[in-house]
Amino acid sequence: MLTVTRGRRMFNSLIKSYGINRQPALMNLRYLLRMNSTAVDWNTVHAGKVAVMTASTEGIGFAIARRLAQQGAHVVLSSREQKNVDKAVQELMSENLSVSGTVCSVTNKDHRNNLMEMALEKHGRIDYLFSNAAVGFDAKSIFDTTEEEWTEAFNTNVTSMFLLVKQVLPHMQKIGGGSIVLTSSVAAYTFVPYFGAYCVSKTALAGLTKIMASELFPMNIRLNSLAPGVTRTKMNTPVWTNEAIMNDMIKVYGFQRIAEPEEHAGIVSFLFSSDASYLTGETIVVGGGFKSRL
């Protein structure tokens, strides 16, 4: 970090060397101070922050829960089954991390309320929301997708995201702002064969991200989405365990491999951090080179 004395010397040198007036010199000094300082201490970047997370007892969600807690956050994680919550909480607490958890099926309003209430009862505030829950289906033609499967895809992958954001807003407004990250997918931008309903739901989520973020500006709340490529998770088992599908898919991956859950944790940590203070309404693709534009 630059010292005040050194900063003054830089300010004076700008005026002496270039004959510039005070205001431009001050602007240049601020730029130089910024470029020569450490904006974020990543070991404690989330110290004291409270993160509420869905679908966070395994896979990408669990990797992100661990990362945020390692960086100082109090994490309230959740999933649909109590045994999974208990296992995840126990594992992270054994690492001396501040975590708690509850059951939450995101399509259940009472479950969503309970998740928020747990965070408020334990910590008195909510700074971050990571909405990660999603459903996919066995590989099939879109025309083989049943009405029930189509409805479930949109209820979980789109509607529940919207409702969770609505529910957390009053709590973030009370503390003057917050940050929200939704989990999308590269499938939002590029058709993935045999997973039509999932792809369409994630494309809808990309649009929802833009719309919600635009209305959150006045509330000092940022909202972005993470779009992972195929990752070694339970939900993606039908993909990464199917040799024929994988052989086709990795041909369009720059890295010629699928991702590990931990490879997404740093991106979400960044999105929540003050270093992303000017970033909102974006869907950040972490796809290993996968084609990812409409």
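What counts, and at which threshold
Residues numbered from 1 in each chain as written. Predicted model: local features only at pLDDT ≥ 70, side-chain atom pairs only at ≥ 80, totals over all residues. Heavy atoms only, no water. 1 Å grid on protein atoms, 1.4 Å probe; cavity = no way out; pocket = protein on both sides within 12 Å on 5 of 7 lines; lining within 4 Å. Points joined across faces, edges and corners; volume = space filled by probe spheres on them. Helix = DSSP H or I, 4+ residues; strand = E, 2+ residues; numbered from the N terminus. Nonpolar A, V, L, I, M, F, W, Y, C, P; charged D, E, K, R; others polar. Pairing = 2+ DSSP bridges. Axes fitted to C-alpha atoms, helices over the stretch in contact; angles between N-to-C directions. Contact = heavy atoms within 4.5 Å. Expected span 1.5 Å × (residues − 1). Buried < 20%, exposed > 50% of the residue type's maximum accessible area, 1.4 Å probe, protein only. Arc of directions from axis to C-beta. Salt bridge = Lys/Arg side-chain N within 4 Å of Asp/Glu carboxyl O. Polar contact = N/O pair within 3.5 Å; in protein donor to acceptor, adjacent residues only side chain to side chain. Parallel < 35°, antiparallel > 145°, perpendicular 65-115°, else oblique. Left-handed = near helix turned anticlockwise from the far one by under 90°. Core = buried A, V, L, I, M, F, W, Y, C linked by side-chain atoms within 4.5 Å.

A few points about the layout of surface pockets
1) Next: Roughly 400 Å³ of internal volume is contained in the second largest pocket.
2) Next: Gly178, Ser179, Asn220, Arg222 and Phe272 are the residues nearest the centre of the second largest pocket, which is lined by 23 residues in total.
3) Next: Secondary structure elements with two or more residues in the lining of the second largest pocket: strand 5 (178–183) and strand 6 (221–228).
4) Next: Among the residues making up the lining of the second largest pocket, the classes are represented as 10 nonpolar, 9 polar and 4 charged.

Side note on empty space enclosed by the protein
1) Next: Summed over all chains, the structure comprises 1 cavity of 30 Å³ or more.
2) Next: The space that makes up the largest cavity amounts to roughly 60 Å³.
3) Next: Phe137, Asp138, Lys140, Ser141, Thr145, Tyr194, Phe195, Gly196, Ala197 and Tyr198 together form the lining of the largest cavity.
4) Next: Residue composition of the lining of the largest cavity, grouped by class: 5 nonpolar, 3 polar and 2 charged.

Section: the sheet that holds strand 1 (residues 50–53)
1) Next: Strand order in the open sheet formed by 7 strands is 3-2-1-4-5-6-7, and the pairing between neighbours is parallel. Two strands lie at the open edges of the sheet, namely strand 3 (99–103) and strand 7 (283–286), each paired on one side alone. With strand direction ignored, the average angle separating the axes of adjacent strands in the sheet is 20°.
2) Next: Note: strand 2 (residues 74–79) against strand 3, 5 bridges, orientation parallel. Counted as the bridge partner of Ser78 is Thr102 from strand 3.
3) Next: Across the face of the sheet, helix 4 (residues 82–93) comes into contact with strand 2 and strand 3 while running at roughly 175° to strand 3.
4) Next: Along the sheet, helix 10 (residues 265–272) contacts strand 4 (128–131), strand 5, strand 6 and strand 7; its crossing angle with strand 5, the most-contacted strand, is approximately 150°.

What about helix 4?
1) Next: Taking 1.5 Å as the rise per residue, helix 4 with 12 residues should run 16 Å; its terminal C-alpha atoms sit 16 Å apart, in good agreement.
2) Next: Listing the buried residues of helix 4 in full gives Val85, Ala88, Val89 and Leu92. Buried residues of helix 4, seen end-on, are gathered within an arc of 95° and therefore sit on one face of the element. Seen from the buried face of helix 4, the exposed residues on the opposite side, beyond 90 degrees, are Lys83, Lys87 and Gln90.
3) Next: Here the buried face of helix 4 lies against helix 3 (59–70), strand 2 and strand 3.

Details of the pattern of salt bridges
1) Next: Tallying each qualifying case throughout the model produces 6 salt bridges.
2) Next: Note that Glu91 and Arg66 form a salt bridge whose closest N and O atoms lie 2.9 Å from each other. In this pair, Glu91 is assigned in helix 4 and Arg66 in helix 3, connecting sequence segments 25 residues apart.
3) Next: Sharing partners across several salt bridges, the network here consists of Arg66, Glu91 and Glu95.

Details of the side chain of Ser273
1) Next: Summarising the element assignment, Ser273 is placed in the loop between helix 10 and strand 7.
2) Next: Of the residues examined, Ser273 reaches a relative accessible area of 2% and is grouped as buried.
3) Next: At a separation of 2.8 Å, a polar atom in the side chain of Ser273 contacts the main-chain carbonyl oxygen of Phe270.
4) Next: Among all residues touching Ser273, those that are not within four sequence positions of it are Trp42, Val45, His46 and Arg222.

Describing the packing of helix 6 (residues 147–174) against helix 7 (residues 196–216)
1) Next: Where helix 6 meets helix 7, the axes come as close as 9 Å, and the angle between the chain directions of the two elements is 15°. In this view, helix 6 runs roughly parallel relative to helix 7, as classed from their interaxial angle. In the packing of helix 6 onto helix 7, the handedness of the crossing is right-handed. Of the residues in helix 7, those touching helix 6 at Trp150, Ala153, Phe154, Asn157, Val158, Met161, Phe162, Val165 and Leu169 are Ala197, Tyr198, Val200, Ser201, Lys202, Ala204, Leu205, Leu208, Met212 and Leu216.

Section: the nonpolar core
1) Next: In terms of nonpolar packing, the biggest core is built from 28 residues, with Leu129, Val165, Ile180, Leu182 and Leu223 touching the most fellow members.
2) Next: Those elements that place two or more of their residues in this core are strand 1, helix 5 (109–123), helix 6, strand 5, helix 7 and strand 6.
3) Next: Residues within four places of Leu129 in sequence aside, it is in contact with Val52, Leu164, Val165, Val168, Met172, Ser179, Ile180, Val181 and Phe272.
4) Next: Of all hydrophobic cores here, the second largest spans 26 residues; its members include Ala51, Val85, Tyr128 and Val286.

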